[in-house]
Amino acid sequence: VLHRQSDKSADRRPLSALSRPAHHRLPTLALALGRRSSKTVAHLALALAALRSGSRKMPSLRKMDASSLFKSEPNPSMFGNPANVKDFRWDQPNWLTSRFHFSFAEWGEGRPSYGTLRVLNDDRVQPSRGFGTHGHGNMEICTYIVEGELTHQDSMGTAEIIGRGGVQFMSAGTGVRHSEQNLSADNPLRFIQMWIMPRTRGIKPTYGSTTTEPEARRNQWAHLVTDNAKGGAPVTIDQDVNIYVSEIDPKTALPFALREGRQLYFVCLEGTVTIGHKDGQAMLDTHEAAEVSGEQNLEVSAQERGAHCLIVEMAA
């Protein structure tokens, strides 16, 4: 505990010293008080160590089991679809199976976000079904295609079809309306939709997309999305976020270096993967995820079936 000094000399310290962070000022204060109490100096040293360690996030990994995700199966009429019917091309009773990683729609009890990542939904859509026209605003929305083909149309006049390994984005800004459909008569559609909180609200809506060849994702991290203030990836958005994907061969390991001051959300999209981290290992099956923070070198190892992985990396 720091006590106010009665000595008026304390009031004559430069303003620059007072404006520095507390853990930078503590050594000066300790020296000033050292003449009075060695115990005070010891307490200050402990406080200084605590502040300095608190300013640097300790490396950690927290696994999100499949059971911790919320499985949503909304009524087909909510998105303009006809009633559910039995279909030999579809292995589920409902037209959509959506797994929420964060609080969304009817799941109000979920985790609110991770850093600037507000939503990550894992959606699997029946053939000839989809999400009818609906609106978004003030959100950076990135969608990665895992299986099948996504047909997108929006109020900005965009219309395109994106397949496996492709990513699309919308800076929703002041408002945009769009639809997302699986127009295939035979094949399911699976995609990961991520909502990222923007740096700036009220911007003009924009849309973009990119595709990747399988070899660009095989046993290497394909850098798909980055900050529009930095560049370096085919898709740029209004936030300090990077999105990487990789398809890793069985029994193959891939490194990923997480820098100081950064954190990431890791999702195993397909297969099984082991993440070697500072304190050990974590195994993730399909749909499972992990929150990773603090400076550390990760080793991502695919198991017998190989693995398809996605990383959302951001400021801590």
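Rules of the game
- Residues numbered from 1 in each chain as written.
- Predicted model: local features only at pLDDT ≥ 70, side-chain atom pairs only at ≥ 80, totals over all residues.
- Heavy atoms only, no water.
- Helix = DSSP H or I, 4+ residues; strand = E, 2+ residues; numbered from the N terminus.
- Buried < 20%, exposed > 50% of the residue type's maximum accessible area, 1.4 Å probe, protein only.
- Polar contact = N/O pair within 3.5 Å; in protein donor to acceptor, adjacent residues only side chain to side chain.
- Pairing = 2+ DSSP bridges.
- Axes fitted to C-alpha atoms, helices over the stretch in contact; angles between N-to-C directions.
- Phe/Tyr/Trp six-rings, centres within 6.5 Å; stacked < 30°, edge-to-face > 60°.
- Disulfide = S-S within 2.5 Å.
- Salt bridge = Lys/Arg side-chain N within 4 Å of Asp/Glu carboxyl O.

Examining the side chain of Asn94
Mapped onto the elements of the fold, Asn94 is located in the loop between β2 (70–72) and β3 (96–100). Of the residues examined, Asn94 reaches a relative accessible area of 7% and is grouped as buried. Of the polar contacts made by the side chain of Asn94, one reaches the backbone oxygen of Leu96; its length is 3.0 Å.

Notes on the sheet that holds strand β12 (residues 206–210)
Taken together, seven strands build an open sheet; the order of strands is β2-β3-β4-β11-β6-β9-β12 and the sheet is antiparallel. On the outer flanks of this sheet lie β2 and β12, each paired with one strand and no other. Strand-to-strand, the axes of this sheet are offset by a mean angle of 20°, without reference to chain direction. Here strand β9 (residues 167–171) pairs with β12 via five bridges, running antiparallel. What sits directly across from Ser171, in β12, is Thr206.

Notes on the sheet that holds strand β7 (residues 150–154)
Each strand in a sheet pairs with another by means of backbone hydrogen bonds, the pair being arranged parallel or else antiparallel. In spatial order, the strands read β5-β10-β7-β8; together these four strands make up an open sheet with antiparallel pairing. The two strands at the open ends of the sheet, each matched to only one other strand, are β5 (129–136) and β8 (159–162). This sheet shows a mean twist of 15° between the axes of neighbouring strands, independent of strand direction. Judged from the six bridges that link them, β5 and strand β10 (residues 176–182) form a sheet pairing that is antiparallel. In the sheet register, Gly130 faces β10, and the bridge partner there is Gln181.

Describing the packing of aromatic side chains
What characterises a pair of aromatic rings is the spacing of the ring centres plus the angle enclosed by the ring planes. Tallied over the full model, the rule gives twelve aromatic pairs. Seen in terms of ring centroids, Trp221 and Phe256 are 5.8 Å apart; in terms of plane orientation they differ by 85°. Their pairing is edge-to-face. With Trp221 in the loop between α4 (214–217) and β13 (222–227) and Phe256 in strand β16 (residues 253–258), this residue pair connects regions lying 35 residues apart in the sequence. Each member of the pair, Trp221 as well as Phe256, is classed as buried. Following the ring pairs from residue to residue traces out a cluster consisting of Phe70, Phe100, Phe104, Trp107 and Trp195.

Overview of the state of the cysteines
Per the counting criterion, the structure on display carries zero disulfides. As a non-bridged cysteine, Cys268 has Cys309 as the owner of its nearest cysteine sulfur, 5.2 Å distant.

Looking at unusual backbone geometry
Among all residues except glycine, the phi angle is most often negative; among peptide bonds, the trans geometry is most common. For Ser128, which is not glycine, the phi torsion reads 60° and is therefore positive. With respect to the secondary-structure elements, Ser128 resides in the loop between β4 (117–125) and β5. Of note in the backbone geometry, Lys251 takes a positive phi value of approximately 60° without being a glycine. With relative accessibility at 59%, the residue Lys251 sits in the exposed group.

Here we look at the pairing of strand β6 (residues 140–147)
Within a regular strand, side chains alternate between the sheet's two faces. Most of β6 is tucked away, with seven of its eight residues classed as buried. When β6 meets β9, the two strands line up antiparallel, connected through five bridges. Paired with Tyr144 across the bridge in β9 is Val167. As defined by bridge partners, β6 adjoins strand β11 (residues 189–196) across seven bridges and the pair is classed as antiparallel.

Quick word on the pattern of salt bridges
Oppositely charged side chains can form a pair if their charged atoms are brought close together. For the structure shown, the criterion picks out 19 salt bridges. Between Arg164 and Glu270 there is a salt bridge, with its nearest N and O atoms 2.9 Å apart. One end of the pair, Arg164, is in the loop between β8 and β9; the other, Glu270, is in strand β17 (residues 262–277), with 106 residues separating them in the sequence. Taking relative accessible area as the criterion, Glu270 reaches 26% and is therefore assigned partly exposed. Where Arg218 meets Asp249, a salt bridge forms, and the shortest distance between an N and an O atom there is 2.9 Å. Taken together, the residues span a long stretch of sequence, with Arg218 in the loop between α4 and β13 and Asp249 in the loop between β15 (241–248) and β16 at a distance of 31 residues. We classify Arg218 as partly exposed; its relative accessible area is 40%. In this structure, a network of salt bridges that share partners links the residues Arg164, Arg217, Glu247 and Glu270.

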